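Structural overview for review
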Amino acid sequence: MIKACLFDLDGVLVDTAKYHYLAWKRLAEELGFYFSVHDNERLKGISRMASLDILLEVGNVADKSAKEKLEMADKKNGWYLDYITKMTPEEILPGVQDFLHDLKSRGVKIALGSASKNAGIILDRVGIAPLFDVVVDGNKVANAKPDPEVFLLGARGLDIPPSGCVVFEDAAAGIEAAIRAGMRSVGVGSPDILQRATVVIPGFDGVQWPDLELKMSLSL
Ligand code: B16
Ligand code: MG
């Protein structure tokens, strides 16, 4: 019996990847190189400093000190904040609001498990913060996905064992984190990338919790 749903944020509930991309691209331009949409795929679900390392690798920029890297990450985050503080409820991905409200009405607990240090701001801006029983974000974890820490902390906060939790994720590293946490998972996106998920859905539009729960129990 599934008692709790743990959601990733970027790519599952909202599409903030486009704002991360615009801010990283601007930093790359300042450093004198072009950062493509294709390169940006590598940053999804990855922490801010790990993302910066990938960006610098793409641009063949090797001579930056730890202090300079922190300054670059802060600069990128400032631009990112300019975007996300203007977000509105219209930016919640299709079907997500209905799905969350349905879970609430059925008494299923809801937690966030995101790598983002800005998750709280985003949930507030799009107006879904009150739906979450527990929020675990990048400020609360020491180890990035695929480490299971973010989801184990969420389950502990909800007081539900991992076997009673299901993770919703758009990144392969997040599905791996769910598996390591001993949780079932729903991959949101392409089955090619999310092969290891218990079940894969393209998005939440028209998705009914009882159908999904049944599919997950049948694939155990
Ligand atoms: P921040 P998620 C992740 O969010 C993003 O997918 C990833 O691109 C980003 O670098 C990371 O958050 C950290 O974000 O700079 O705001 O702390 O998918 O785990 O919800
Ligand atoms: Mg994500």
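These numbers were taken from a predicted model, which means no experiment stands behind them.

F7, F132, F168, W209 and L212 are the most contacted members of the largest nonpolar core, which totals 53 residues. Ranked by residue count, the leading element in this core is helix α1 (residues 17-31), at 6 residues. Split by domain, the residues of this core number at least three in each of domain 1 (4-15 + 91-219) and domain 2 (17-84). Beyond its immediate sequence surroundings of up to four residues, W209 is in contact with I2, C5, F99, D102, L103, R106, V108, V166, F168 and M216. Among the nonpolar cores identified, the runner-up in size contains 16 residues, and L6, A111, V134 and A181 belong to it.

Further remarks concern helix α6 (residues 119-126). Turn by turn, an α-helix covers 3.6 residues, leaving residues three or four places apart pointing in a common direction. Those residues of α6 lying buried are A119, I122, L123 and V126. On an axial view of α6, the arc spanned by its buried residues comes to 100°, and they lie on one face. Its buried side turned inward, α6 meets α4 (66-84), β2 (109-113) and β3 (134-136). At the C-terminal side of α6, G127 shows a positive phi close to 80°.

Space left empty within the atom packing is revealed by a probe, the size of a water molecule, rolled over the atoms. Put simply, the largest pocket is a space of about 640 Å³. Lining the largest pocket are 38 residues, with I46, S47, R48, A115 and S116 sitting closest to its centre. If you list the elements that add at least two residues to the lining of the largest pocket, you get α1, α3 (48-58) and α4. Top contributing element to the lining of the largest pocket by residue count: α4, with 6 residues. A per-class count over the lining of the largest pocket returns 16 nonpolar, 12 polar and 10 charged. Of the domains in this structure, domain 1 (4-15 + 91-219) and domain 2 (17-84) are the two that each give at least three residues to the lining of the largest pocket. What the second largest pocket holds in volume is close to 400 Å³. Forming the walls of the second largest pocket are 22 residues, and the residues nearest its centre are G11, K44, D170, V188 and G189. The class makeup of the residues in the lining of the second largest pocket is 12 nonpolar, 4 polar and 6 charged.

Using the criterion set out here, one finds 12 salt bridges in the structure. A salt bridge links R42 to E57, with the shortest nitrogen-to-oxygen separation between them at 3.2 Å. With a gap of 15 residues between them, R42 in the loop between α2 (37-40) and α3 and E57 in helix α3 connect regions that are remote in the sequence. When the shortest N-O distance is used, the salt bridge between R196 and E176 registers 2.9 Å. Within this pair, whereas R196 is found in the loop between β5 (184-188) and β6 (199-201), its partner E176 is found in helix α8 (residues 172-180), the two being separated by 20 residues in sequence. Through salt bridges with shared partners, one network takes in D8, K145 and E169.

We now examine the domain arrangement of the protein chain. One can read the domain layout of the protein chain as domain 1 (4-15 + 91-219) and domain 2 (17-84). On a C-alpha basis, the centres of domain 1 and domain 2 stand 25 Å from each other. Counting residues at the interface gives 10 residues for domain 1 and 11 residues for domain 2. In this assembly, domain 1 packs against domain 2 so that about 1,100 Å² is buried in total across both faces, 49% of it on carbon and sulfur atoms. Among the residues domain 1 hides against domain 2, the three largest losses belong to D10, D15 and N118. Together they make up 40% of the total. Linking domain 1 to domain 2 there are 0 salt bridges.

With that settled, the discussion passes to helix α9 (residues 209-218). Within the span of α9, buried status applies to W209, L212 and M216. All buried residues of α9 project into a common sector of 65° when viewed along the axis, lining one side. Opposite the buried face of α9, by more than 90 degrees, sit the exposed residues L214 and L218. Those residues of α9 that are buried lie in contact with β1 (4-7), α5 (96-105), β4 (165-169), β5 and β6.

Cut-offs and rules
Residues numbered from 1 in each chain as written. Chains lettered and ligands numbered in written order. Predicted model: local features only at pLDDT ≥ 70, side-chain atom pairs only at ≥ 80, totals over all residues. Heavy atoms only, no water. Core = buried A, V, L, I, M, F, W, Y, C linked by side-chain atoms within 4.5 Å. Buried < 20%, exposed > 50% of the residue type's maximum accessible area, 1.4 Å probe, protein only. Helix = DSSP H or I, 4+ residues; strand = E, 2+ residues; numbered from the N terminus. Domains from an automatic or database assignment. Contact = heavy atoms within 4.5 Å. Arc of directions from axis to C-beta. 1 Å grid on protein atoms, 1.4 Å probe; cavity = no way out; pocket = protein on both sides within 12 Å on 5 of 7 lines; lining within 4 Å. Points joined across faces, edges and corners; volume = space filled by probe spheres on them. Nonpolar A, V, L, I, M, F, W, Y, C, P; charged D, E, K, R; others polar. Salt bridge = Lys/Arg side-chain N within 4 Å of Asp/Glu carboxyl O. Buried area = accessible area lost by both parts, 1.4 Å probe.

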